[in-house]
Amino acid sequence: MQTLLSRLRGWRHGRGFGIHSPFAFRFITEVLRQKLGYYGYADISPDKRMRLLYRLVVFFQPERVMVMSAAPKLPEQVVRRASRRATIVSQRPDFIIIDADDTPESQYLPLLTQGVNALILNASRAQARSLATQLPHGMLFDNRRGTLAVAGLSYLPRQNFDVKF
């Protein structure tokens, strides 16, 4: 029964129903669930997660991006194509790309609690639940298939959304 209810909630949230935050509505409908191709898709991998990364970088326009992955080459290329002003850094980022398989939670959680936006790939259900309880502010968008988008902006209220993206 719980699975059916969570699927229904994910379907409704994915189309904007029941979402009262203007930021969350716009983020879900224009970034996470965008069906139209972006202008830069031809230059990047056909991988859906890399296309999502491209949309997130275009939306947030970060200046300093950190990649926490054993294979950072492809995400770094996508970031460079999405934004000319973004630089890849090793500290004090305003956007993080995390491969949860390669990075322990203790390395990225302190950054996320400081208001950093993030894309988390390959996250387990336990990691998603843990992150949902530990973030002090911001919004967590979970597709329940291992991908999490975190809008860690300090002015956003603490909310979780199950969205198919």
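Thresholds, definitions, all that
- Residues numbered from 1 in each chain as written.
- Predicted model: local features only at pLDDT ≥ 70, side-chain atom pairs only at ≥ 80, totals over all residues.
- Heavy atoms only, no water.
- Helix = DSSP H or I, 4+ residues; strand = E, 2+ residues; numbered from the N terminus.
- Rg over C-alpha atoms; globule rule 2.2 N^0.38 Å.
- Buried < 20%, exposed > 50% of the residue type's maximum accessible area, 1.4 Å probe, protein only.
- Contact = heavy atoms within 4.5 Å.
- Areas by Shrake-Rupley, 256 points an atom, 1.4 Å probe, with all protein chains shown as cover.
- Arc of directions from axis to C-beta.
- Core = buried A, V, L, I, M, F, W, Y, C linked by side-chain atoms within 4.5 Å.
- Axes fitted to C-alpha atoms, helices over the stretch in contact; angles between N-to-C directions.
- Parallel < 35°, antiparallel > 145°, perpendicular 65-115°, else oblique.
- Left-handed = near helix turned anticlockwise from the far one by under 90°.
- Nonpolar A, V, L, I, M, F, W, Y, C, P; charged D, E, K, R; others polar.
- Salt bridge = Lys/Arg side-chain N within 4 Å of Asp/Glu carboxyl O.

What follows is about the overall build of the protein. Counting its regular elements, the protein contains six helices and seven strands. The N-to-C order of helical and strand elements in the protein reads α-α-α-β-α-β-β-α-β-α-β-β-β. What you see for the protein is a C-alpha radius of gyration of 15 Å, in line with the 15 Å of a compact globule of 165 residues. Expressed along its principal axes, the backbone C-alpha trace of the protein runs to roughly 45 × 35 × 30 Å. The burial tally for the protein puts 52% of its 165 residues in the buried class. Within the protein, residue pairs in contact and separated by at least 24 positions form 49% of the contacts whose partners lie at least 6 positions apart. Entry remark: accessible area of the protein is about 8800 Å², with carbon and sulfur atoms responsible for 51%.

Each full turn of the α-helix corresponds to 3.6 residues, which orients residues three or four apart in the same direction. Of all the residues in helix α5 (residues 105–112), the buried ones are Glu105, Tyr108, Leu109, Leu111 and Leu112. Taken down its axis, α5 places every buried residue within 165 degrees of arc, on the same side. On the buried face of α5, the contacting elements are β1 (64–68), β3 (95–99), β4 (117–121), α6 (125–134) and β6 (148–151).

Let's shift gears to the nonpolar core. In this structure, Phe27, Leu53, Phe95 and Phe141 are the most contacted members of the largest nonpolar core, which totals 37 residues. Mapped by element, the contributors of at least two residues to this core are α2 (22–32), α3 (48–60), β1, α4 (73–82), β3, β4, β5 (139–142) and β6. Counting residues per element, this core draws most heavily on α3, which supplies eight residues. If sequence neighbours within four positions are ignored, phenylalanine 141 has contacts with Ala24, Phe27, Ile28, Leu32, Thr147, Leu148, Ala149, Ala151, Phe161, Val163 and Phe165. One finds Met68, Ala132, Leu135 and Leu140 within the second-largest nonpolar core, a separate group that totals 20 residues.

We now examine the environment of leucine 112. For leucine 112, the location among the structural elements is in helix α5. Residues leucine 112 and glycine 152 lie 40 residues apart in sequence; the distance between their C-alpha atoms is 6.6 Å. Sequence-distant contacts of leucine 112, that is, excluding residues within four places in its chain, are made with Ile96, Ala118, Ile120, Leu131, Leu135 and Val150.

Relative to each other, α3 and α4 sit at 40 degrees, their axes nearing to 9 Å. The angle between the axes of α3 and α4 places the two elements in the oblique class. Judged by the sense of rotation from one axis to the other, the crossing of α3 with α4 is right-handed. Together, Met50, Leu53, Tyr54, Val57 and Val58 of α3 and Leu74, Pro75, Val78, Val79, Arg81 and Ala82 of α4 make up the contact between the two elements. Here the contact of α3 with α4 is composed, by residue class, of 10 nonpolar, no polar and one charged.

A complete count under the given rule lists five salt bridges for this structure. A salt bridge links glutamate 30 to arginine 26, with the nearest nitrogen and oxygen atoms 3.2 Å apart. Of this pair, glutamate 30 and arginine 26 both sit in helix α2, four residues apart, which is roughly one turn of that helix. Residue aspartate 47 is joined to arginine 49 by a salt bridge in which the shortest nitrogen-to-oxygen separation is 3.8 Å. The exposure class of aspartate 47 is partly exposed, given its relative accessible area of 27%.

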